[in-house]
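Examination of the molecular architecture
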There are 2 protein chains.
Amino acid sequence: LPTLKIEIEDKNISIPIRQRFQTIIKEKKSNLCLSADLTSLDEIIELSNLIGKNICMLKIHCDILTDFSMDKIQELKDVSRRLNFLLLEDRKFADIGNTVALQYTKGLFQIAEWADLVTVHVLPGEGIVQALEQAAQTINESRGCLLIAQMSSKGALTNNEDYVNGVIKCAEKYSDFVIGFISQSRLTTSDKYLHCTPGVHLTNTGDQLGQQYVTPRQAIDGRGADIVIVGRAILDSINRVKTAEAYQQECYQVYEELRKI
Amino acid sequence: LPTLKIEIEDKNISIPIRQRFQTIIKEKKSNLCLSADLTSLDEIIELSNLIGKNICMLKIHCDILTDFSMDKIQELKDVSRRLNFLLLEDRKFADIGNTVALQYTKGLFQIAEWADLVTVHVLPGEGIVQALEQAAQTINESRGCLLIAQMSSKGALTNNEDYVNGVIKCAEKYSDFVIGFISQSRLTTSDKYLHCTPGVHLTNTGDQLGQQYVTPRQAIDGRGADIVIVGRAILDSINRVKTAEAYQQECYQVYEELRKI
């Protein structure tokens with residue numbers, strides 16, 4: 001068993017993050033990312049043990065967790081390696097290079113130690129991605145980021161051509177580190193960048209704080225998503241495991257049909 | 001002495017944050033904000049004991065602190081009340097309303113408990129400010145935020161008219177909670193909003209990660225700053241206390257001269 005663990009770890013370390021992500025999607029037949037916006041890391045660990053097999057990625061916010069510790073996040077990382085999904089810290093970095101490098105590697109969270117991917121706003125200029133990529137080089141595993149190209153909330157100031165073009169330009173310049181986008185529409189026909197679309201729900205249409213939902217089919221077909229990010233639809237369901245399975249099947253079926261995988 | 005403490009606390013609780021900020025500036029003759037981008041909260045507490053008298057605000061990043069605890073941040077809050085400066089958590093909130101409300105009040109940091117002010121990107125739409133204002137109402141002290149209108153880093157995507165107009169519109173709609181801007185130029189002639197300009201240094205011109213500096217005079221005169229945010233110029237100086245005093249005097253002198261206070 002120790003040998004097996006080493007093999008798995010080596011596999012994870014040696015494969016670049018973009019390739020690892022694409023392999024996970026195909027092998028597991030899942031393009032479903034669970035957005036686990038819960039305030040208990042214990043609950044997230046428990047949940048990921050149950051539905052880790054159905055997802056290609058788990059998205060969390062470490063700074064809303066009341067019980068965060070490096071030991072517990074290592075536990076979550078172990079689950080992610082065992083059940084083969086990526087960990088995305090949805091940090092939405094949005095500061096100057098010098099600051100984000102510290103936020104990524106230091107403090108109580110030491111995000112770079114455990115998050116395969118992080119989300120980044122290009123708003124401060126491309127120095128933000130340069131700084132994160134540099135900082136990631138101190139880590140002994142492959143790391144990457146998703147650029148936030150568009151947001152699903154009402155009145156988002158990302159929703160103009162200049163902004164999106166700035167994001168695409170940055171992705172092309174730092175394509176070793178940027179492996180995809182958080183987007184509301186397809187930004188490039190290239191399959192080099194994985195497009196991840198949040199705000200997906202089979203039934204609801206929105207909440208009171210500006211969030212707007214689309215269905216999995218709308219996300220993949222209309223909006224060109226590769227990865228479908230589902231949160232409250234699964235978290236608020238009576239049977240989270242069954243709901244996750246249903247979303248996995250629905251999302252991957254549409255994905256296969258449209259992308260001819 | 002307990003009575004004195006209660007009086008000070010009452011004073012802090014009863015005065016709205018905008019008025020309290022303006023009173024501090026006038027009473028202390030300081031429009032200097034120290035950007036304490038240090039990774040040790042112990043060091044920040046020690047430093048703020050020494051130069052708290054010279055500043056109107058202390059800007060920190062709680063998520064780069066290796067020794068953060070609620071006890072220690074309470075200590076810093078006590079210093080801020082005793083030496084009469086505001087605490088600004090430079091969080092650069094940049095997510096949808098539901099998420100930022102949790103990031104503001106929950107997790108290991110419980111930012112709303114101790115930060116008088118926080119920084120906010122309007123990028124996700126004005127729902128972000130609405131959510132923070134709502135969340136702040138659970139706190140028994142006056143709270144506010146500064147909107148990031150423009151950034152000093154190279155190639156920032158904030159630097160266009162539409163973006164800035166979106167920020168101003170949001171400030172006007174939520175003017176009870178938005179008390180100012182992080183800006184590189186004057187956005188409004190109204191003195192209702194305090195304009196805070198970072199990237200200020202008397203000698204240097206920039207760093208390797210996209211940061212660009214201006215002098216205090218350039219910040220206040222050319223860029224219309226009320227509050228001057230100084231970081232590395234003070235932190236990297238041989239005598240931090242003397243340097244802070246020099247910046248306080250230089251900044252307030254220019255401010256008095258130009259704004260005729």
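Whatever comes next refers back to the structure up there.
All of the points below concern the structure found in this document. These numbers were taken from a predicted model, which means no experiment stands behind them.

Description of the overall build of chain A
Along chain A, the regular secondary structure elements total 11 helices and eight strands. Over its C-alpha atoms chain A spans a radius of gyration of 17 Å, differing by no more than 12% from the 18 Å that the globule rule assigns to 261 residues. Counting only C-alpha atoms and orienting by the principal axes, one finds that chain A spans roughly 45 × 40 × 35 Å. Considering only intrachain contacts with a sequence separation of at least 6, the fraction spanning at least 24 residues in chain A is 73%. Taking the average location of the 29 positive side-chain charges in chain A and that of its 34 negative ones, the two points are 3 Å from each other.

A closer look at the sheet that holds strand β4 (residues 117-120) of chain A
Residues and elements named next belong to chain A. Spatially, eight strands are ordered β1-β2-β3-β4-β5-β6-β7-β8 in a closed barrel, and the strand pairing comes out parallel. Averaged over all pairs of adjacent strands, the angle between strand axes in this sheet comes to 25°, irrespective of strand direction. Pairing of strand β1 (residues 32-35) with strand β2 (residues 57-60) involves three bridges; the strand directions are parallel. Across the sheet, the residue bridging to Leu34 is Leu58, located in β2.

Comments concerning a negative patch on the surface
Together, Glu161(A), Asp162(A), Glu161(B) and Asp162(B) give the surface a local cluster of negative charge. Sorting the residues of the negative patch by element identifies α8 (161-173) of chain A together with α8 (161-173) of chain B as the ones contributing at least two each. For Glu161(B), the location among the structural elements is in helix α8. Judged by relative accessible area, which is 65%, Glu161(B) ranks as exposed.

Structural notes on the interface of chain B and chain A
How big an interface is tends to be stated in terms of the accessible area lost upon association of its parts. Between chain B and chain A, the contact holds 47 residues from the first and 47 residues from the second. Summed over both sides, the interface between chain B and chain A buries roughly 3,900 Å², with carbon and sulfur atoms accounting for 62% of that surface. Two residues, Lys92(B) and Asp95(A), come together in a salt bridge whose shortest N-O distance is 2.8 Å. Summed over the shared surface of chain B and chain A, the number is 12 residue pairs in polar contact (both at pLDDT 80 or more).

Thoughts on the sheet that holds strand β3 (residues 86-93) of chain B
Sheets are built from strands that pair by backbone hydrogen bonding, the pairs being arranged parallel or antiparallel. Residues and elements named next belong to chain B. Ordered in space as β1-β2-β3-β4-β5-β6-β7-β8, the eight strands form a closed barrel in which the pairing is parallel. The mean angle between the axes of side-by-side strands here comes to 25°, regardless of whether they run parallel or antiparallel. In this sheet, β3 lies alongside strand β2 (residues 57-60) in parallel orientation, the contact comprising four bridges. Note on β3: the bridge partner recorded for Lys59 is Leu88.

A look at the side chain of Thr188(A)
All names here are of chain A. Its place among the elements puts Thr188 in the loop between β6 (178-182) and β7 (194-200). At a separation of 3.0 Å, a polar atom in the side chain of Thr188 contacts the main-chain amide nitrogen of Ser190. Setting aside chain neighbours within four positions, we find Thr188 in contact with Phe181, Tyr193 and His195.

Structural notes on the relation of the copies chain B and chain A
One copy of the chain maps onto the other through a rotation about an axis followed by a shift along the same axis. Of the transformation placing chain B onto chain A, the axial shift is 0.0 Å and the rotation is 180°, giving an RMSD of 0.0 Å. What the rotation and shift describe, once combined, is the action of a two-fold rotation axis. For chain B, the minimum C-alpha distance to the rotation axis belongs to Ala94(B) and amounts to 3.6 Å.

Points about helix α2 (residues 17-28) of chain B
An α-helical turn contains 3.6 residues, so any two residues separated by three or four positions project in the same direction. Residue and element names in this part refer to chain B. The end-to-end C-alpha separation of α2 is 16 Å, in line with the 16 Å expected for 12 residues at 1.5 Å each. Among the residues of α2, those classed as buried are Ile17, Arg18, Arg20, Phe21, Ile24, Ile25 and Lys28. Count one or two residues on from α2 and you reach Lys29, which has phi positive near 50°.

Looking at helix α5 (residues 97-105) of chain A
Inspection of α5(A) places Gly97(A), Thr99(A), Val100(A), Ala101(A), Gln103(A) and Tyr104(A) among the buried residues, and these make up the whole buried set. Gly107(A) occupies a position one or two residues after α5(A) and carries a positive phi of about 75°.

So, the packing of helix α3 (residues 41-51) of chain A against helix α4 (residues 70-82) of chain A
All names here are of chain A. Here α3 crosses α4 at 10°, and the two axes come no closer than 10 Å. Here α3 is positioned roughly parallel relative to α4, judged by the angle of their axes. When the axes of α3 and α4 are compared, the crossing they make is left-handed. Across the interface between the two elements, Leu41, Asp42, Ile44, Ile45, Ser48 and Asn49 of α3 pack against Lys72, Ile73, Glu75, Leu76, Val79 and Arg82 of α4.

A short note on the state of the cysteines
Simply put, the disulfide is a covalent bond whose two ends are the sulfur atoms of two cysteines. In the structure shown here, the tally under the stated rule is zero disulfides over all chains. Cysteine Cys33(A) shares no disulfide, and the gap to the nearest cysteine sulfur, in Cys56(A), comes to 6.3 Å.

Details of the packing of aromatic side chains
What the rule picks out here adds up to 11 aromatic pairs over all chains. Pairing Phe181(B) with Tyr193(B) gives two aromatic rings, centres 5.3 Å apart and planes at 45°, and the pair type is tilted. With Phe181(B) in strand β6 (residues 178-182) and Tyr193(B) in the loop between β6 and β7 (194-200), this residue pair connects regions lying 12 residues apart in the sequence. By relative accessible area, Phe181(B) is classed as buried at 0%. Ring pairs connect the aromatic residues Phe68(A), Phe109(A), Trp114(A), Phe68(B), Phe109(B) and Trp114(B), which therefore count as one cluster. Taking NZ or CZ as reference, Arg18(B) lies 5.7 Å from the ring centre of Tyr193(B), over its face.

Rules used in this analysis
- Residues numbered from 1 in each chain as written.
- Chains lettered and ligands numbered in written order.
- Predicted model: local features only at pLDDT ≥ 70, side-chain atom pairs only at ≥ 80, totals over all residues.
- Heavy atoms only, no water.
- Helix = DSSP H or I, 4+ residues; strand = E, 2+ residues; numbered from the N terminus.
- Rg over C-alpha atoms; globule rule 2.2 N^0.38 Å.
- Contact = heavy atoms within 4.5 Å.
- Lys, Arg positive; Asp, Glu negative; His and termini not counted.
- Charge placed at Lys NZ, Arg CZ, Asp CG, Glu CD.
- Pairing = 2+ DSSP bridges.
- Axes fitted to C-alpha atoms, helices over the stretch in contact; angles between N-to-C directions.
- Patch = residues over 30% accessible without salt bridge, like charges linked within 9 Å, V, L, I, M, F, W, Y side chains within 5 Å.
- Areas by Shrake-Rupley, 256 points an atom, 1.4 Å probe, with all protein chains shown as cover.
- Salt bridge = Lys/Arg side-chain N within 4 Å of Asp/Glu carboxyl O.
- Buried < 20%, exposed > 50% of the residue type's maximum accessible area, 1.4 Å probe, protein only.
- Buried area = accessible area lost by both parts, 1.4 Å probe.
- Polar contact = N/O pair within 3.5 Å; in protein donor to acceptor, adjacent residues only side chain to side chain.
- Least-squares fit on C-alpha atoms with pLDDT ≥ 70 in both.
- Expected span 1.5 Å × (residues − 1).
- Parallel < 35°, antiparallel > 145°, perpendicular 65-115°, else oblique.
- Left-handed = near helix turned anticlockwise from the far one by under 90°.
- Disulfide = S-S within 2.5 Å.
- Phe/Tyr/Trp six-rings, centres within 6.5 Å; stacked < 30°, edge-to-face > 60°.
- Lys NZ or Arg CZ within 6 Å of the ring centre and 35° of its normal.

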